[in-house]
Amino acid sequence: MTSELFSPLSLRSGQVLRNRIAKAAMEENMAADGQLPGAELFGLYRRWAGGGTGPLITGNVMVHAEALTGPAGVVLDEATPLEPFVEWAKAGKAEGGAIWMQINHPGRQIGSDMPGVVWGPSAVGVDLGKHSGRFGRPVAMTARQIEETVARYAVTAQRAEQAGFDGVEVHAAHGYLLSQFLSPLVNKRTDQWGGSLENRARMLLDVVRAVRAAVSPSFAVAVKLNSADFQRGGFDADDARQVIEMLAPLGVDLVELSGGSYESPAMSGRAADARTQAREAYFLDLAKDLVGSSTVPLMLTGGITRRETAERVLDSGVAVVGMGTALAVTPDLPARWRTGGEAERQLRPVTWSDKALASAASMAQVRHQMRRIARGSRPTPGTHPAVALIAEQRKQRRALRRYRDWLGRTRSAA
């Protein structure tokens with residue numbers, strides 16, 4: 001077995017990760033008033049900062065105030081007060097580690113009850129069968145909207161660096177906007193952003209170039225990319241290999257591999273594809289196919305909970321192990337691994353046959369644990385998924401009222 005789990009890793013930017021264990025992004029949906037980070041997020045990241053990870057990667061921060069994945073999402077744009085983000089960065093670096101901000105635009109994956117805009121590369125809606133009405137109907141983006149969105153990513157990255165973050169991760173996975181442009185199932189454009197993979201990757205590459213140009217050379221820039229969408233005819237592992245090759249010359253420090261979307265939620269282990277049915281390291285087989293050809297260090301996320309599994313991932317040639325849910329249950333898990341310990345418990349499994357509902361319940365379970373950690377309480381992994389989901393829905397309804405009021409005031413002021 002490898003002994004590299006707690007060894008440092010030097011990145012292209014010159015940044016050195018103190019070990020090979022990253023806290024992967026999980027969507028907290030814990031914004032305070034004004035869509036800003038507040039006491040809950042500060043408490044949560046202070047707890048994780050003391051848990052022994054390398055970089056902490058935040059849940060997705062929105063680059064566009066009118067396009068949020070959820071009503072309690074955090075927004076960082078040119079008009080956002082920076083002081084709360086300074087506090088967030090300090091919390092994540094409290095024990096000498098690093099904190100990276102994941103930056104994102106949801107595109108078409110926006111609830112139908114949300115105000116704002118629902119955009120996509122094409123007017124192709126999210127297909128969740130009987131649950132499809134949960135999402136708004138997208139309109140195809142204009143060339144100007146694409147260019148303005150690219151600029152928004154650069155602004156958010158620049159302001160993240162000003163606030164004291166050590167890097168950003170551009171989210172191009174899980175069916176969000178950049179992932180939608182990459183997917184031939186969603187991107188039906190016939191212009192320079194559609195058709196060939198080179199055209200479908202254009203927006204992602206433009207975003208990375210703009211971000212890299214807006215930040216200092218020592219600031220880390222990572223990309224989260226699907227190893228596959230797990231949909232017939234969609235973005236696949238060979239596409240991922242080619243996109244990683246396109247990213248390599250652009251100064252990317254790390255590519256995180258995940259998979260799936262709301263339509264095929266492989267990131268929670270719920271895809272139909274047999275290659276994700278392992279209980280841990282869902283995407284390891286696909287990652288092995290990509291490691292040999294990649295000149296960029298790769299990070300693998302998806303269902304990793306035991307040190308033995310993490311070491312197996314590194315043995316495959318992957319450079320960094322990403323953990324999400326495991327750290328929502330055991331926030332000091334890397335520190336435990338150092339001393340021979342393991343997680344005490346895991347989340348109660350969600351075995352519902354409705355994949356969309358099961359995925360929502362799984363995310364609600366994780367958020368329930370994160371809120372407990374933020375308050376200084378112990379996680380309760382045995383919480384029933386239905387209880388967590390109902391509580392989450394109530395919180396989201398209250399957050400939606402606040403977001404509508406805030407967005408209305410913001411629009412009026414503009």
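As a reminder, the structure under discussion sits directly above these lines.
Below, the structure is looked at part by part. Bear in mind the structure is a predicted one, so any value in this text is a computation, not a measurement.

1. Things to note about the overall build of the protein chain
Scanning the protein chain for helices and strands turns up 13 helices and 13 strands. Its C-alpha radius of gyration of 19 Å places the protein chain within 12% of the 22 Å reference for a compact globule of 414 residues. Overall size of the protein chain, expressed as C-alpha extent along the three principal axes, is 55 × 45 × 45 Å. Relative to its 414 residues, the protein chain shows a buried fraction of 62%. Long-range pairs, those at least 24 residues apart, make up 71% of the contacts in the protein chain between residues at least 6 apart in sequence. As presented, the protein chain carries roughly 15,600 Å² of accessible surface, and 49% of it is formed by carbon and sulfur atoms. Charged side chains of the protein chain number 50 positive and 42 negative; the gap between the two group centres comes to 6 Å.

2. Considerations on the pairing of strand S10 (residues 220-226)
Of all seven residues in S10, seven are buried; the element is thus mostly enclosed. Inspection of the sheet shows strand S9 (residues 167-172) paired to S10 by six bridges, in the parallel sense. Across the sheet, the residue bridging to Ala-172 is Leu-225, located in S10. Sheet analysis places S10 next to strand S11 (residues 254-258), joined by five bridges and oriented parallel. Bridge assignment links Ala-222 to a residue of S11, and that residue is Leu-254.

3. Structural notes on the side chain of Glu-28
Structurally, the position occupied by Glu-28 is in the loop between strand S3 (21-23) and helix H1 (39-49). Although buried, Glu-28 forms no salt bridge, and the nearest oppositely charged side chain, Lys-23, lies 4.4 Å from it. A distance of 2.5 Å separates a polar atom in the side chain of Glu-28 from a polar atom in the side chain of Tyr-45. Ignoring any residue separated from it by four or fewer positions in sequence, one finds Glu-28 in contact with Lys-23, Leu-41, Leu-44, Tyr-45, Thr-58, Gly-59, Trp-88, Arg-367, Met-370 and Arg-371.

4. Observations concerning the packing of aromatic side chains
The geometry of an aromatic ring pair is captured by two quantities: the separation of the ring centres and the angle between the planes. Taken as a whole and assessed by the stated rule, the structure comprises five aromatic pairs. Ring centres 6.2 Å apart and planes at 45 degrees place the aromatic pair Phe-85 and Trp-88 in the tilted group. Placement of both Phe-85 and Trp-88 in helix H2 (residues 83-92) is noted, with a separation of three residues, approximately one turn of the helix. An angle of 90 degrees between the planes, with centres 5.8 Å apart, marks the rings of Trp-88 and Phe-165 as edge-to-face. Here Phe-165 lies in the loop between helix H3 (143-163) and S9 and Trp-88 lies in helix H2, a separation of 77 residues in the sequence. We classify Trp-88 as buried; its relative accessible area is 0%. Take Phe-165: its relative accessible area is 3%, and that puts it in the buried class. A network of ring pairs unites the aromatic residues Tyr-45, Trp-48, Phe-85, Trp-88 and Phe-165 as a single cluster.

5. What about the layout of surface pockets?
For the second largest pocket, the calculated volume is near 750 Å³. In terms of lining residues, the second largest pocket is bounded by 27 residues, among which Thr-69, Arg-134, Ala-360, Gln-393 and Gln-396 are the most central. Of all elements in the fold, only helix H12 (355-374) and helix H13 (385-413) reach the threshold of two or more residues within the lining of the second largest pocket. Residues belonging to the lining of the second largest pocket are distributed by class as follows: twelve nonpolar, nine polar and six charged.

6. Quick notes on the nonpolar core
One finds Phe-85, Trp-88 and Leu-204 to be the most contacted residues of the largest nonpolar core, which totals 106 residues. Apart from residues no more than four positions distant in its own chain, Trp-88 is found in contact with Glu-28, Pro-37, Leu-41, Phe-42, Tyr-45, Thr-58, Val-61, Val-74, Ile-99 and Phe-165. Counting residues in hydrophobic clusters, the runner-up holds 15 residues, among them Leu-9, Leu-11, Ala-24 and Leu-254.

7. Observations regarding the pairing of strand S12 (residues 298-301)
Side chains of S12 alternate between two faces, with Leu-298 and Leu-300 and Met-299 and Thr-301 buried alike. Inspection of the sheet shows S11 paired to S12 by three bridges, in the parallel sense. Residue pairing for S12: Leu-257 is matched across the bridge by Leu-300. Sheet topology places S12 next to strand S13 (residues 320-323); three bridges connect them, and they run parallel. Looking across to S13, one finds that Leu-300 is bridged to Val-321.

8. Observations regarding the packing of H3 against helix H6 (residues 202-214)
In contact at an axis separation of 8 Å, H3 and H6 are set at 35 degrees when each is read in the N-to-C sense. Relative to H6, H3 is oriented so that their crossing is right-handed. Contacts between H3 and H6 involve Ile-146, Thr-149, Val-150, Tyr-153, Ala-154, Ala-157 and Gln-158 from the former and Met-203, Asp-206, Val-207, Ala-210, Val-211 and Ala-214 from the latter. Within the contact of H3 with H6, the residues separate by chemical class into ten nonpolar, two polar and one charged.

9. Here we look at a positive patch on the surface
A cluster of basic residues, Arg-375, Arg-394, Lys-395, Arg-397, Arg-398 and Arg-401, forms a positive patch at the surface. Looking at where Arg-398 falls in the secondary structure, it is placed in helix H13.

10. Points about the pattern of salt bridges
For the structure on display, the rule yields 18 salt bridges. Put simply, Lys-90 and Glu-87 hold a salt bridge, and the shortest N to O gap is 4.0 Å. Of this pair, Lys-90 and Glu-87 are both found in helix H2, three residues apart, which corresponds to roughly one turn of the helix. The class for Glu-87 is partly exposed, based on a relative accessible area of 33%. Measuring nitrogen to oxygen at the nearest pair gives 2.9 Å for the salt bridge that ties Arg-307 to Glu-311. Within this pair, Arg-307 and its partner Glu-311 are both found in helix H9 (residues 307-315), separated by four residues, close to a single helical turn. Several salt bridges converge on common partners, so that one network encompasses Glu-27, Arg-367, Arg-371 and Glu-392.

Calculation notes
- Throughout this description, residue numbers start from 1 for each chain and increase along the sequence as written.
- Where totals are concerned, whole chains, interfaces and linings use all residues; where local detail is concerned, this predicted model gives features only for residues with pLDDT of at least 70, and gives and counts side-chain atom pairs only at 80 or more.
- Side-chain numbers here rest on the full set of heavy atoms in the structure, without hydrogens or water.
- The helix count covers DSSP runs of H or I at least four residues long, the strand count covers runs of E at least two residues long, and both are numbered beginning at the N terminus.
- The size measure is the radius of gyration over C-alpha atoms, and the globule rule it meets is 2.2 Å times the number of residues to the 0.38 power.
- Relative accessible area decides the class of each residue, using a 1.4 Å probe on protein chains only: under 20% of the type maximum gives buried, over 50% gives exposed, and in between gives partly exposed.
- By the convention used here, residues are in contact when the closest approach between their heavy atoms is within 4.5 Å.
- Every accessible area reported is derived by Shrake-Rupley at a probe size of 1.4 Å, with residue values counting cover from the shown protein chains alone.
- Only four residue types enter the charge count: Lys and Arg as positive, Asp and Glu as negative, with His and the chain ends excluded.
- Charge positions come from single atoms, namely NZ of Lys, CZ of Arg, CG of Asp or CD of Glu.
- Any two strands with at least two DSSP bridges between them are considered paired.
- Salt bridge, as used here, is a side-chain nitrogen of Lys or Arg placed within 4 Å of a carboxyl oxygen of Asp or Glu.
- Under this definition, polar contacts are N or O atom pairs within 3.5 Å; protein pairs additionally need one hydrogen-donor-capable and one acceptor-capable atom, and for neighbouring residues in sequence, both atoms have to be side-chain atoms.
- To pair, rings of Phe, Tyr and Trp, with the six-membered ring standing in for Trp, must have centres within 6.5 Å; the planes then decide the type, stacked if under 30 degrees apart, edge-to-face if over 60, and tilted in the middle.
- Lining residues are those with an atom within 4 Å of a point, where the points come from a 1 Å grid over the protein atoms alone and group into cavities, where a 1.4 Å probe fits but cannot get out, or pockets, open sets with protein on both sides within 12 Å along at least five of seven lines.
- Grid points are joined across faces, edges and corners, and a volume is the space filled by probe spheres set on the points.
- Three classes are used: nonpolar for Ala, Val, Leu, Ile, Met, Phe, Trp, Tyr, Cys and Pro, charged for Asp, Glu, Lys and Arg, and polar for all others, with Gly counted as polar.
- By nonpolar core is meant a set of buried Ala, Val, Leu, Ile, Met, Phe, Trp, Tyr and Cys residues that side-chain atoms within 4.5 Å join together.
- Axis lines are fitted to C-alpha atoms, over the contacting stretch for helices. Their N-to-C directions set the angle, which ranges from 0 to 180 degrees.
- Here is the rule for handedness: rotate from the far helix to the near one, and if that takes an anticlockwise turn smaller than a right angle the crossing is left-handed, while a clockwise turn gives right-handed.
- Patch membership needs two things, relative accessible area over 30% and no salt bridge, and members are linked within 9 Å if like-charged or within 5 Å if nonpolar (Val, Leu, Ile, Met, Phe, Trp, Tyr).

Nothing here speaks to function; it is geometry throughout.
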